[in-house]
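Structural description and commentary
Spelled out from the first residue to the last, the chains are:
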Amino acid sequence: DAGITQSPRYKITETGRQVTLMCHQTWSHSYMFWYRQDLGHGLRLIYYSAAADITDKGEVPDGYVVSRSKTENFPLTLESATRSQTSVYFCASRGPSTEAFFGQGTRLTVV
Amino acid sequence: GENVEQHPSTLSVQEGDSAVIKCTYSDSASNYFPWYKQELGKRPQLIIDIRSNVGEKKDQRIAVTLNKTAKHFSLHITETQPEDSAVYFCAASRGGSGAGSYQLTFGKGTKLSVIP
């Protein structure tokens, strides 16, 4: 099915662990994004990518790493999870003349 | 970078009344302004968008207006219904090339409650 999917949907991890959130889209959109959503802050951009092997920092990149070896995948890694990274994470993709489509979200809890 | 301010943060209206949400943006190069609706526990979904060569766009009960000079755009919902209750986000984006092209910067959201 065409679309954008995230996995896992829910994740509980311990402080200091490495965690990777996956994002896959089937439209071959050039642009992909990772946002975190926290109450009172809306959607804040963590990282974005304009094409395979091209990534750039957003508003809140500290503690996160991304890669984009293939157009359709854009994983987000928390190298050493902290409690402040407890959040809902949304991946999104768009083309130059399309709307942005969001994945279902990943609810991450760091204990 | 772009900065988007959104007001109000919460809005309660009686069913059948109109609701207006306002946003301002800072980057004069921004040329695409979408509005997203997010129901509880769901992903944001586009409800309407407008590009900078258009001043107003309407889709049934929803309309968006854009004032490029003032860097201001608004969402208007008429004849509100309980199913309009959700969080609404405005966003701004620019095209072109270079860092930041096509990324969406969001406002902090407006929680709309429609009271039956």
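What counts and how
Throughout, a residue's number is its position along its own chain's written sequence, starting from 1. Throughout, the order in which chains and ligands are written sets their labels, letters from A for the former and numbers from 1 for the latter. Predicted model: local features are reported for residues with pLDDT of at least 70 only, side-chain atom pairs are reported and counted for 80 or more only, and whole-chain, interface and lining totals are derived from all residues. Only hydrogens and water are set aside when side-chain values are computed; all heavy atoms of the structure are taken into account. Of the grid points, spaced at 1 Å and generated over the protein atoms alone, those admitting a 1.4 Å probe that cannot get out make up cavities, while open sets with protein on both sides within 12 Å along at least five of seven lines make up pockets; any residue with an atom within 4 Å of a point is treated as lining. Grid points are joined across faces, edges and corners, and a volume is the space filled by probe spheres set on the points. In DSSP terms, a helix is any run of H or I states spanning at least four residues, a strand is any run of E spanning at least two, and both are numbered starting from the N terminus. Disulfide assignment relies on a single distance test, namely cysteine sulfur atoms paired within 2.5 Å. Accessibility here uses a 1.4 Å probe with only protein chains present; expressed as a share of the type maximum, an area under 20% marks a residue as buried, one over 50% as exposed, and anything in between as partly exposed. In protein, a polar contact requires one atom able to donate a hydrogen and another able to accept it; more generally it is a pair of N or O atoms within 3.5 Å, and residues adjacent in sequence count only if both atoms are side-chain atoms. Any two residues whose heavy atoms approach within 4.5 Å are treated as being in contact. Note on pairing: DSSP must find at least two bridges between two strands before they are called paired. Lines are fitted to the C-alpha atoms to define the axes, a helix being fitted only along its stretch in contact, and any angle between axes, read from their N-to-C directions, falls within 0 to 180 degrees.

1. Considering the layout of surface pockets
One way to see where empty space is left: roll a probe the size of a water molecule over the atoms. What the largest pocket holds in volume is close to 790 Å³. Q37 and L39 of chain A together with Q38, L40 and V87 of chain B are the residues nearest the centre of the largest pocket, which is lined by 32 residues in total. Every element with two or more residues in the lining of the largest pocket is listed here: β4 (31–38), β9 (87–94) and β11 (106–110) of chain A together with β9 (86–92) and β11 (110–115) of chain B. Broken down by element, the residue count for the lining of the largest pocket peaks at four residues, all from β11 of chain B.

2. Quick word on the state of the cysteines
Taken as a whole and assessed by the stated rule, the structure comprises two disulfides over all chains. Residue C23 of chain A pairs covalently with C91 of chain A via a disulfide, S to S 1.9 Å. The chirality of the disulfide connecting C23 of chain A with C91 of chain A is left-handed, given an S-S dihedral of about -75°. With C23 of chain A in strand β3 (residues 19–25) and C91 of chain A in strand β9, this residue pair connects regions lying 68 residues apart in the sequence. Residue C23 of chain A is classed as buried on the basis of its relative accessible area of 2%. In this model C23 of chain B forms its disulfide with C90 of chain B; the gap between the sulfur atoms is 1.9 Å.

3. A closer look at the side chain of R44 of chain A
Residues and elements named next belong to chain A. Relative to the helices and strands, R44 is located in strand β5 (residues 42–51). Classification of R44 by relative accessible area gives buried; the value is 16%. Here the side chain of R44 touches D38 through a polar contact of 3.0 Å, side chain to side chain. Apart from residues lying up to four places away in sequence, R44 is in contact with W34, Y35, R36, D38, E59 and V60.

4. Some thoughts on the environment of G16 of chain A
Residue and element names in this part refer to chain A. Considering the arrangement of structural elements, one finds G16 in the loop between β2 (10–13) and β3. Taking the C-alpha atoms as reference, G16 lies 9.4 Å from R83; in sequence the two are 67 residues apart. Those residues in contact with G16 that sit more than four places away from it in its chain are E79, S80 and A81.

5. Details of the sheet that holds strand β1 (residues 4–7) of chain A
Sheets are built from strands that pair by backbone hydrogen bonding, the pairs being arranged parallel or antiparallel. All names here are of chain A. Pairing is antiparallel in the open sheet, where four strands are placed in the order β1-β3-β8-β7. Two strands close off the open sheet at either side, each with one partner strand: β1 and β7 (64–66). Strand-to-strand twist in this sheet, taken as the mean axis angle between neighbours without regard to direction, amounts to 15°. Bridge count between β3 and strand β8 (residues 76–78): three bridges; the pairing is antiparallel.

Fair warning: the whole summary comes from geometry, so function is off the table for now.
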